[in-house]
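What the coordinates show
Spelled out, the chains give:
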Amino acid sequence: MGQLTTYQNYIDGQWSDSVSGETYTITNPAHKSQVLGRFQRSNNEDAVRAIEAARNALDGWASTPAPQRAAILFKALQLMEARGDELARSITIEEGKPIGDAMGEVKRSMNITEYAAGEGRRMFGNTTPSELPNTVAYTSRRPLGVVGIITPWNFPLAIPAWKIAPALICGNTLVFKPASATPMTAVALTKIFEDAGLPPGVLNLVTGPGGSVGNTIVDHPDVSGVSFTGSTEVGTALYTRATQTLKKVQAEMGGKNAVIVLEDADMDSALGGIVQGAFGSTGQRCTATSRVVVQESVYDAFMTELIERTSKLTVGDGLDPAMDIAPLSSQSQFNTVMEYIGIGAEEGATIAYGGNPRTEGDLDEGYYVEPTIFTNVDTNMRIAQEEIFGPVLTVFKAADLEEAVSITNNVKFGLSSSIYTMDIPQAFRYIDTVETGIVHVNSPTLGGEVHLPFGGMKESGVGTREQGTEAINFFTEPVTVYIDYSSAARA
Ligand code: UN1
């Protein structure tokens, strides 16, 4: 414990302790006894200081030409690349995910930073003919103002990056509150922006609980917008609260994503996509595949092969590149996943594979659960309806596309979905009727490219989508300008 590093908040360009004088520690989910660092347990006073710093920095940053803001983002991109291995390691030891997934997260963060920086030379508005003579009509963009960035633990680098980079290029100043469980990578990201030359007060980091820091950001009248990712439960409460002060809110929340496998599908590709979608990143991903709907005629063959492939997955410390499945990220995630496995069994579903913690050897030092597959699942069961956020897959049978789509849509979520088929008319019928914000054909439910909108329908999301030009829309206010140059009095 003597060597333990204490990490600080970053407010107004200074690394500083919380006024609370309190800190907390986090541990490695693969080795519960390994303490990773001490972090500030900030309170509402720290959050207010950060908001004031952001407010004071706003005029300067907003009036910096966007291509100059972009130059700082390009510098941050270089630093992310140079520090890529370190960042990936930080993600794996604090969140748990396999190192390959963590490297993917670094790449994703670089991509969004590059994309956002490029937008610095493309802050386009529209010009349009006016209905009046001698009048110019156009729109321009203005930053929202001070924006709160509230992020989850499952993508400690990529989610903050894909909110912060677009918010910065648009000229906003930020208060960043990362998940309490993953503050270490958040510090590393903030340091990158500091080293890239971001002026003091433009990006402020405050670590600590949602109840104090998060709520202060959400309630404060000087904060104009909040970009949140997390559970539907927390996001709904946050949305309700933030809109009391008429803030612009973007909340990206849960999923219960389904893959349909039709009888004509390329089975190898379907199985690969489903195993990766369900068990990659240990299922702790809002786009994870948590349901599969298989056409009856190919169900038995599909199940045999699915179990065969799942049984070959390796489970262990994410720092070992040979591991496919790493620990769940915390004791509470472990408890939740084991509880859902119990609920599924009690509800009468069949555990076709897995269902147990893994504790042999040194696995008992971490929060390991076997990849788990349920069959004989009824669509009304809780394991069929609720987001589990772990390596648990539920499998359904359907007679045809219509029944498969109806099962897919029969949940309150609408984030991502996928179909495996070579039948073009059926694929398009699916695209037209599936109720999700992201639709895949012959590819896993996961991920997305940073220049395209990301987000869901129904209880998966509210507000403007993240990423792509939608992010620029969220982080700016449109200003509509009419200039009458006729010098004539209006009738
Ligand atoms: C992805 O699938 O790569 O919280 C991104 C989440 C999502 C991001 C998923 N907001 O898991």
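A positive phi angle is found at Asn442, which is not glycine, with a value near 60°. As for its position among the elements, Asn442 is in the loop between strand 19 (438–441) and strand 20 (457–458). Phi is positive for Lys458, close to 50°, though the residue is something other than glycine. Considering the arrangement of structural elements, one finds Lys458 in strand 20. Judged by relative accessible area, which is 35%, Lys458 ranks as partly exposed.

A few words now on the pattern of salt bridges. What the rule picks out here adds up to 17 salt bridges. Here Arg429 and Glu402 are joined by a salt bridge, their closest N and O atoms 2.7 Å apart. Within this pair, whereas Arg429 is found in helix 14 (residues 424–433), its partner Glu402 is found in helix 13 (residues 401–409), the two being separated by 27 residues in sequence. Notably, a salt bridge pairs Glu459 with Lys412, separated by 3.8 Å at the nearest N-O pair. With a gap of 47 residues between them, Glu459 in the loop between strand 20 and strand 21 (461–462) and Lys412 in the loop between helix 13 and strand 17 (413–414) connect regions that are remote in the sequence. We classify Lys412 as partly exposed; its relative accessible area is 40%. Salt bridges linked by common partners bring Arg83, Lys191, Glu194 and Asp195 together as one network.

Those residues of helix 14 that sit buried are Gln426, Ala427 and Tyr430. What you see down the axis of helix 14 is that its buried residues fit within an arc of 100°, all on one side. Among the exposed residues of helix 14, those oriented more than 90 degrees off its buried face are Ile424, Pro425, Phe428 and Asp432. Where the residues of helix 14 are buried, they touch strand 12 (257–261), helix 13, strand 18 (416–420) and strand 19. Taking the backbone nitrogen of Gln426 as reference, a side-chain oxygen 3.1 Å away marks Asp423 as the first, capping residue of helix 14.

Turning our attention to the sheet that holds strand 14 (residues 350–353). One key point about sheets: their strands pair by backbone hydrogen bonds, in either a parallel or an antiparallel sense. Judged by pairing direction, the sheet is mixed, and its 7 strands sit side by side in the order 14-15-16-13-12-18-19 without closing on themselves. In this open sheet, the two strands that pair with only one neighbour each are strand 14 and strand 19. Neighbour to neighbour, the strand axes of the sheet diverge by 25° on average, direction disregarded. Direction of pairing for strand 13 (residues 289–295) relative to strand 16 (residues 392–398): parallel, over a ladder of 5 bridges. When the bridges of strand 16 are listed, Gln295 appears paired with Ala398. In the packing of helix 10 (residues 296–311) onto the sheet, the strands contacted are strand 12, strand 13, strand 14, strand 15 (372–375) and strand 16, and the crossing angle to strand 13 comes to about 140°. In this fold helix 11 (residues 331–347) packs onto strand 14, strand 15 and strand 16, with an angle of close to 25° to the strand it touches most, strand 15.

Tracing the backbone through its elements, the reader meets Ser290 in strand 13. By relative accessible area, Ser290 is classed as buried at 11%. Other than its neighbours up to four places away in sequence, Ser290 contacts Lys256, Asn257, Val392, Leu393 and Thr394.

Criteria and thresholds
- Along each chain, residues carry numbers from 1 onward, in the same order as the chain's sequence is written.
- For a predicted model such as this one, the threshold for reporting local features is a pLDDT of at least 70, and the threshold for listing and counting side-chain atom pairs is 80 or more; totals across whole chains, interfaces and linings nevertheless cover every residue.
- Side-chain numbers here rest on the full set of heavy atoms in the structure, without hydrogens or water.
- Working definition: helices are DSSP H or I runs of at least four residues, strands are E runs of at least two. Numbering for both runs from the N terminus.
- Three exposure classes are used, based on accessible area relative to the maximum for each residue type with a 1.4 Å probe and protein chains only: buried under 20%, partly exposed in between, and exposed over 50%.
- Whenever Lys or Arg places a side-chain nitrogen within 4 Å of a carboxyl oxygen from Asp or Glu, that contact is recorded as a salt bridge.
- Arc, as used here, means the arc of the directions from the helix axis to the C-beta atoms.
- It only takes one pair of heavy atoms within 4.5 Å for two residues to be counted as in contact.
- A 3.5 Å cut-off defines polar contacts: any pair of N or O atoms within that distance qualifies, except that in protein one atom must be a possible hydrogen donor and the other a possible acceptor, and neighbouring residues in sequence count only when both atoms are side-chain atoms.
- Any two strands are treated as partners once DSSP identifies two or more bridges connecting them.
- Every axis in this analysis is a line fitted to C-alpha atoms, fitted for helices over the stretch in contact. Angles between the N-to-C directions lie between 0 and 180 degrees.

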